[in-house]
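Working through the structure, step by step
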Amino acid sequence: MNPMPNSRSLYLRLLRYVRPYWRIFALSLLGMVIFALTEPAMPAWFQPVIDGSFIDKDPQTIFWMPIALVVIFLIRGIGSFIGVVAINWVAQRVVMDLRRELFDRLLVLPTRYFTNATTGRTLSKSTYDVTQVAQASTEVLAVFVQDGLALIGLLAWMFYLNWKLTLIVLVITPVLLPVLKIASRRMRTLNTGLQRRMGDLTHVLEETIGGHKVVKLFGGEDYERRRHHEIANWLRRLNVKVIATSAFLVPAVQVVGVAALGVIVYVASYQGAQGHFTAGQFVSYFVAMGLLFRPLKRLTKVNEHLQRGLAAAESVFALIDEEAEPSGGAKSLDRISGELRFEALSFSYEGEEPLLRGIDLTVRPGETLAVVGPSGSGKSTLINLIPRFYVPTGGRILLDGVDIAELAVRDLRRHLALVSQEVILFNDTVRANIAYGALGHADAAEVAAAARAAHAMEFIDQLPDGLDTLIGENGIRLSGGQRQRIAIARAILRNAPILLLDEATSALDSHSERHIQEAVESLRRGRTTLIIAHRLSTIERADRIAYMQAGQIVEIGTHQELLARDGLYAQLHRAQRGEVLSDVAGESLPAS
Ligand code: ADP
């Protein structure tokens, strides 16, 4: 075994998860011990059967031995049952505890984690890795206890029966090991080669099938044919080689093994002829020797399970140890008027160029500020800094004159409502989606009022169960415009003084567009609103407009002022008059 440098700490850490269930754990060990002890009982049973029942024809033995066999297997069965059930009970507990801990961590991870880690990898930690930890450690334990004890028991029985012979066995067996090792290494190399070639074949097939047009158009048929036939030929030769090698190795190993066995049989028969070894003992001895193989094999393979379990444990613990989002300062604001101020705000994503550079801006309470500008200028990033999804690298953001870094993150977010481009809906009822986060606090009338204000009631009433309709995974049964109105209703119900809105870029038909426009109107009433705007109608209705370019606000003012100034905004406005701004700007915003 070649444990990794930190294996020890990993074991110890895993053990901590088992500790609360140590009673059931001990029970499982007991079951395994009982099971293991019946292993030498089987060869031991043969001796009296042959010597007593068959040779001496002793009636007592003839009567009792079959009963003994049943009893042995009964005990074995009970031991196995207790061992298996108890260890799996503990393992499932550990699985659940790990899963819960992973999920709890997931809820407090910073946004940075989610942008860096792939969803698939994180998912598989909770679904796959966690079970791997439990399965592998259960397996390892069972092998160590059960097979370890069985091996010791069998050897002890063999020594008891005939210590001289056992010494000879112990000397001869290791001689066989190199032979076995060479044979298995040879097979493994051949099999790996076979797999690789098989991969090559699939590769060529995939390319030819997927790229059939290119192959045809460029006349690559001959080239592909040559490639394919060459690999197919390789495969043929390798396959024959594998079969031939295995056909040779299996009997070869057997002959060597049997040669060793011959020596042992010779010694045993010699002793038998001298009256030192009875027929029953001889049979019992060979049965015990035969039974040695299984536990031996499992013990030599235990490292595989161990490494697999440790690797999985490492992956699970890595997520558990992932640093949580800082919970922020200690201050909390009770009622706020909703003034939002940015002071010399700058920001860069980890290891990248500064994205926001020295933004100074005050949004007055109740004011609606539309942020416009080319894609990639940092509009979404600016909005993401307000709920502290990311932490500014310079400058600060003040809410009612208080640096948001001094506020508890939970308290800060309480004052914010966010409607993003990508509406996230949960697989639940429309009602639960609107009341999300306020579950249990919002009564039916409030939810309905929010839905009405968001102009969502029109279509909700058409749904089979109204507000109680299940909307399916991520709301796939709803249109984009409908989903957006649900998100707006959610924000209305939240009734936060500050509203962050990332207007959808995707084109909506004019009917939904008008609905959404009206919904947004009722949402932003009386709230400080920061809106990334793509539609002229939205922009023109805003109190002020900030034009962002390369992480800076280059123009700010009312629609009229900016037009009068005849700068970038005016240019944009002229170019896109009557059109959806984003379409002409060629914007396709990254999801924020
Ligand atoms: P806008 O909303 O104005 O289109 P964004 O704020 O979405 O601009 O993006 C600004 C730039 O930051 C883009 O170039 C984008 O690729 C980059 N960016 C966005 N999110 C991340 C992230 N999590 N890590 C690194 N770079 C990012």
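Residues numbered from 1 in each chain as written. Predicted model: local features only at pLDDT ≥ 70, side-chain atom pairs only at ≥ 80, totals over all residues. Heavy atoms only, no water.

**Describing the overall build of the chain**
Across its full length, the chain holds 20 helices and 10 strands. Computed over its C-alpha atoms, the radius of gyration of the chain comes to 37 Å, more than 25% above the 25 Å expected for a compact globule of 592 residues. Considering only C-alpha atoms, the chain reaches an extent of 120 × 65 × 50 Å along its principal axes. Scored against the burial criterion, the 592 residues of the chain give a buried share of 42%. Long-range contacts, defined as pairs at least 24 residues apart, comprise 79% of the intrachain contacts of the chain with a sequence gap of at least 6. Accessible surface computed for the chain: about 32,100 Å², of which carbon and sulfur atoms make up 60%. (Helix = DSSP H or I, 4+ residues; strand = E, 2+ residues; numbered from the N terminus. Rg over C-alpha atoms; globule rule 2.2 N^0.38 Å. Buried < 20%, exposed > 50% of the residue type's maximum accessible area, 1.4 Å probe, protein only. Contact = heavy atoms within 4.5 Å. Areas by Shrake-Rupley, 256 points an atom, 1.4 Å probe, with all protein chains shown as cover.)

**What about the confidence of the model for the chain?**
In this model, the chain carries a mean pLDDT of 89, and residues with pLDDT of at least 70 account for 95%. Every residue in residues 1–5 scores below 50 in pLDDT, and together they form 12 contacts with partners more than four places removed in sequence or on other chains. (pLDDT = per-residue confidence, 0-100.)

**Examining the side chain of T538**
Within the secondary structure, T538 sits in helix α17 (residues 536–541). Other than its neighbours up to four places away in sequence, T538 contacts E503, Q517, I531 and A533.

**Focus on the sheet that holds strand β8 (residues 528–532)**
Taken together, the six strands give an open sheet; going across it, the order is β6-β7-β8-β3-β9-β10, and neighbouring strands pair in mixed fashion. Taken across any chain shown, the strands that pair with only one partner, and hence form the sheet edges, are β6 (416–419) and β10 (552–557). Recorded for the sheet is a direction-independent mean angle of 20° between the axes of neighbouring strands. Direction of pairing for strand β3 (residues 368–372) relative to β8: parallel, over a ladder of four bridges. Opposite V371, over in β8, you have I532 as the bridge partner. Lying over the sheet, helix α16 (residues 510–524) contacts β3, β6, β7 (498–502) and β8, oriented at roughly 155° with respect to β7. (Pairing = 2+ DSSP bridges. Axes fitted to C-alpha atoms, helices over the stretch in contact; angles between N-to-C directions.)

**Re empty space enclosed by the protein**
On inspection of all chains with the given rule, the structure shows three cavities of 30 Å³ or more. In this structure, the largest cavity spans a volume of roughly 100 Å³. Lining the largest cavity, in full, are V419, Q484, I488, L501, D502, E503, A504, E513, I516, Q517, V520 and R535. Here the lining of the largest cavity is built from residues that sort into six nonpolar, two polar and four charged. (1 Å grid on protein atoms, 1.4 Å probe; cavity = no way out; pocket = protein on both sides within 12 Å on 5 of 7 lines; lining within 4 Å. Points joined across faces, edges and corners; volume = space filled by probe spheres on them. Nonpolar A, V, L, I, M, F, W, Y, C, P; charged D, E, K, R; others polar.)

**Some details on the nonpolar core**
Grouped burial of nonpolar side chains is what soluble globular proteins tend to show. Ranked by size, the top nonpolar core spans 45 residues in total, and within it V430, I434, I460, L467, I488 and L523 carry the most contacts. If you tally residues by element for this core, the top one is helix α15 (residues 480–494), at seven residues. L523 has contacts with V419, I488, A491, I492, L499 and L501, leaving out every residue within four places of it along the chain. (Core = buried A, V, L, I, M, F, W, Y, C linked by side-chain atoms within 4.5 Å.)

**Remarks on a positive patch on the surface**
On the surface, a cluster of positive charge is made up of R186, R236, R237 and K241. A per-element tally of the positive patch places helix α8 (residues 221–273) first, with three residues. Within the secondary structure, R236 sits in helix α8. Since its relative accessible area comes to 47%, R236 is described here as partly exposed. (Patch = residues over 30% accessible without salt bridge, like charges linked within 9 Å, V, L, I, M, F, W, Y side chains within 5 Å. Salt bridge = Lys/Arg side-chain N within 4 Å of Asp/Glu carboxyl O. Lys, Arg positive; Asp, Glu negative; His and termini not counted. Charge placed at Lys NZ, Arg CZ, Asp CG, Glu CD.)

**Side note on the packing of helix α6 (residues 163–210) against α8**
Viewed as axis vectors pointing N to C, α6 and α8 meet at an angle of 170°, and their least axial separation amounts to 9 Å. With respect to their mutual orientation, α6 and α8 come out roughly antiparallel. (Parallel < 35°, antiparallel > 145°, perpendicular 65-115°, else oblique.)

**Quick look at the packing of aromatic side chains**
Taken as a whole and judged by the stated rule, the model has 15 aromatic pairs. Ring centres of W45 and F46 lie 5.2 Å apart, and the angle between their planes is 80°; on these two criteria the pair is classed as edge-to-face. Relative accessible area serves as the criterion here: at 16%, W45 is assigned to the buried category. Both rings, one in Y113 and one in F114, keep their centres 5.5 Å apart while their planes meet at 90°; by these two values the pair is edge-to-face. Through a chain of ring-to-ring contacts, the aromatic side chains of F277, F282, Y285 and F286 assemble into a single cluster. The ring of F317 has R13 lying over it, and the distance from NZ or CZ to the ring centre is 4.0 Å. (Phe/Tyr/Trp six-rings, centres within 6.5 Å; stacked < 30°, edge-to-face > 60°. Lys NZ or Arg CZ within 6 Å of the ring centre and 35° of its normal.)

**Looking at the layout of surface pockets**
Reported here for the second largest pocket is a volume of approximately 1,100 Å³. In terms of lining, the second largest pocket is formed by 30 residues, of which the most central are T173, L177, L180, F293 and L296. Mapped by element, the contributors of at least two residues to the lining of the second largest pocket are α5 (119–161), α6, α8 and α9 (279–320). At 11 residues, α9 tops the list of elements feeding residues into the lining of the second largest pocket. Classifying every residue of the lining of the second largest pocket by side-chain character gives 21 nonpolar, six polar and three charged.

**Some points on the pattern of salt bridges**
Applying the stated criterion to the full structure yields 23 salt bridges. The partner of R413 in a salt bridge is E325, with the nearest N and O atoms 2.8 Å apart. Highlighted residues: R413 in helix α11 (residues 409–414) and E325 in the loop between α9 and β1 (340–347), separated in sequence by 88 residues. For R413, a relative accessible area of 22% translates into the label partly exposed. Ionic pairing is found between E521 and R524, a salt bridge with its closest N-O pair at 3.3 Å. Placement of the pair is E521 and R524 together in helix α16, with a separation of three residues, close to one helical turn.

**Re the sheet that holds strand β4 (residues 394–399)**
Read across the open sheet, the four strands follow the order β2-β1-β4-β5; overall the sheet is antiparallel. The outermost strands of the open sheet, each flanked by one partner alone, are β2 (356–363) and β5 (402–403). In this structure, β4 lies alongside β5, joined through two bridges in antiparallel fashion. What sits directly across from L398, in β5, is D403.

**Some points on unusual backbone geometry**
Among all residues except glycine, the phi angle is most often negative; among peptide bonds, the trans geometry is most common. In this model, R388 sits at a positive phi of 60°, which is unusual for a non-glycine residue. Within the secondary structure layout, R388 lies in the loop between α10 (379–385) and β4. Here A550, not a glycine, exhibits a phi torsion of approximately 45°, which is positive. Its place among the elements puts A550 in the loop between β9 (544–549) and β10.

**Here's the deal with the packing of helix α2 (residues 22–55) against α9**
Following both chains from N to C, one finds α2 and α9 inclined at 160°, their axes separated by 8 Å at the closest point. When the axis of α2 is compared with that of α9, the two are roughly antiparallel. As α2 runs across α9, the sense of the crossing is right-handed. Listed contacts from α9 to E39, M42, P43, A44, F46, Q47, I50, D51 and I55 of α2 are A279, G280, Q281, V283, S284, V287, A288 and L291. Looking at side-chain class alone, the contact of α2 with α9 contains 11 nonpolar, four polar and two charged residues. (Left-handed = near helix turned anticlockwise from the far one by under 90°.)

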